Structures are given as structure tokens and as C-alpha cells.
Amino acid sequence: MKSKIFLYLFIFTALFVLFQFMNAKKAKESYDVKIENLQKRLKFQDSIKTVTIDSLIDINLDLTYFSLESNEDAASYFEEMGYSPSKLALTISDKIISENKPGKDNPIVPYDGMEGNMAINKVRLLNHKWIIADFTDGVYWGELFITYDVREDGVIDFEVEKSFLYPRN
């Protein structure tokens, strides 16, 4: 009888140890997968951190190189005329975009709308004389190169120098 109790105790202990071993093995595999995922995240975050603030500033300076706000000579040209360059830039952009009327093509755009009305979406003042603009009718789109002049009396004259309509794919 004593030997049977020891035999049952031995079998129970062996099964308990086997159960604990298998459970620990599954837990270890689960933790290994979590560790791998976290390491991948860390690598991704490290790659994001390599884009430093200085490089973002450099990228921003490159993107704003051709703009009225960053062009000292163009800004001083308007300041000498008594205008605030930033306010004037907003006024000019608003004037161009305000030509978009419901049911009519924008008169600055030299193309008639084929699928709707041609309207100017985006305007960028490059300096004190040049503008680039983007236009579309919803299906067809293109770009304009516009020269402008601010007269002494505050009137702004626009002249489309070049325009391009992209072919529809």
C-alpha cells in the first residue's frame, strides 16, 4: 500500500512538472513574440527620430524658397510701396480665388470647363511679380503662370503668361 501511494505521488508530481514545463514554454514563446514586436517598433521609432528638427527646418526652408514671405527683396519692394507683404499676399490670393463664381468659369483660366466650371484651387505668390496657380473643373486640371502688378492706386493687374492643361489619363 505504501508503495502504491509513493507511485501515485510520483506520477502526480511528474504530471504536475510536465504541465508546468509546457505552460512555461508557451508563456516564453508568447513573450518572445511580444519582444520581437516591441523591438520592431523601437527600430521604427528610431528611424523616425533620425529625421531631426534641423533636417525638418532645412526641408521647410527648401519648400518656402520661392515664396513672397521668404523673399526679402520682394517683401521690401512692397514695404517701400507702403503695403504689408503678408496682407497683400492674402489680398492677391483672395482676389484670384474670388473670381470663382458658381456656374461660370474663372476668367483668369484660359480654358473652358469640359466637365464643369474651371476654378482656381491654389495660388502661390513666388515673388513681387509672379504667381503660380492650380485649376480644375473636377476632371481636367492644369496650372497657370501669372504675372501681376500692384499699381500706385492699389489696383492689381493680372496677366496669364503661360498655362498648361494636363491630358486626361
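Just so it is clear, the model here is predicted, and its values are computed rather than measured.

**Overview of the layout of surface pockets**
Estimated volume of the largest pocket: approximately 180 Å³. Around the largest pocket, the lining residues are Ser-67, Leu-68, Glu-69, Ser-86, Ala-89, Leu-90, Ser-93, Lys-122, Val-123, Arg-124 and Leu-125. Mapped by element, the contributors of at least two residues to the lining of the largest pocket are α4 (85-97) and β1 (119-125). Per-class residue counts for the lining of the largest pocket are five nonpolar, three polar and three charged.

**Re the nonpolar core**
Within the largest apolar cluster, 22 residues are counted, with the highest numbers of intra-cluster contacts made by Ile-92, Ile-120, Leu-125, Ile-131, Leu-144 and Tyr-148. Elements that contribute at least two residues to this core include exactly α3 (72-80), α4, β1, β2 (130-136) and β3 (141-150). When residues no more than four places from it in sequence are discounted, the contact partners of Leu-144 are Ile-108, Val-109, Pro-110, Ile-120, Ile-131, Ile-132, Ala-133, Phe-135, Val-160, Lys-162 and Ser-163.

**Comments concerning the packing of aromatic side chains**
In the structure shown here, the tally under the stated rule is seven aromatic pairs. Ring centres of Phe-78 and Tyr-148 lie 6.4 Å apart, and the angle between their planes is 20°; this geometry places the pair in the stacked category. With Phe-78 in helix α3 and Tyr-148 in strand β3, this pair connects stretches of sequence that are 70 residues apart. Here the aromatic rings of Trp-141 and Tyr-166 are separated by 5.7 Å at their centres, their planes lie at 25°, and the arrangement is stacked. Here the residue Trp-141 occupies a position in strand β3, and Tyr-166 occupies one in the segment after β4 (156-165), the gap between them amounting to 25 residues. Classification of Trp-141 as partly exposed rests on a relative accessible area of 34%.

**Thoughts on the sheet that holds β2**
Ordered by their spatial adjacency, four strands build an open sheet running β1-β2-β3-β4, and the pairing between neighbours is antiparallel. Here the strands that pair on one side only, and so sit at the sheet edges, are β1 and β4. With direction set aside, neighbouring strand axes in the sheet form an average angle of 25°. By the bridge criterion, nine bridges tie β3 to β4 in an arrangement that is antiparallel. Directly across from Leu-144, in β4, lies its bridge partner Ser-163. Lying on the sheet, α4 is in contact with β1, β2, β3 and β4; it crosses β1 at an angle near 160°.

Definitions and cut-offs
- Residues numbered from 1 in each chain as written.
- Predicted model: local features only at pLDDT ≥ 70, side-chain atom pairs only at ≥ 80, totals over all residues.
- Heavy atoms only, no water.
- 1 Å grid on protein atoms, 1.4 Å probe; cavity = no way out; pocket = protein on both sides within 12 Å on 5 of 7 lines; lining within 4 Å.
- Points joined across faces, edges and corners; volume = space filled by probe spheres on them.
- Helix = DSSP H or I, 4+ residues; strand = E, 2+ residues; numbered from the N terminus.
- Nonpolar A, V, L, I, M, F, W, Y, C, P; charged D, E, K, R; others polar.
- Core = buried A, V, L, I, M, F, W, Y, C linked by side-chain atoms within 4.5 Å.
- Buried < 20%, exposed > 50% of the residue type's maximum accessible area, 1.4 Å probe, protein only.
- Contact = heavy atoms within 4.5 Å.
- Phe/Tyr/Trp six-rings, centres within 6.5 Å; stacked < 30°, edge-to-face > 60°.
- Pairing = 2+ DSSP bridges.
- Axes fitted to C-alpha atoms, helices over the stretch in contact; angles between N-to-C directions.

The analysis is restricted to geometry; functional conclusions fall outside its scope.
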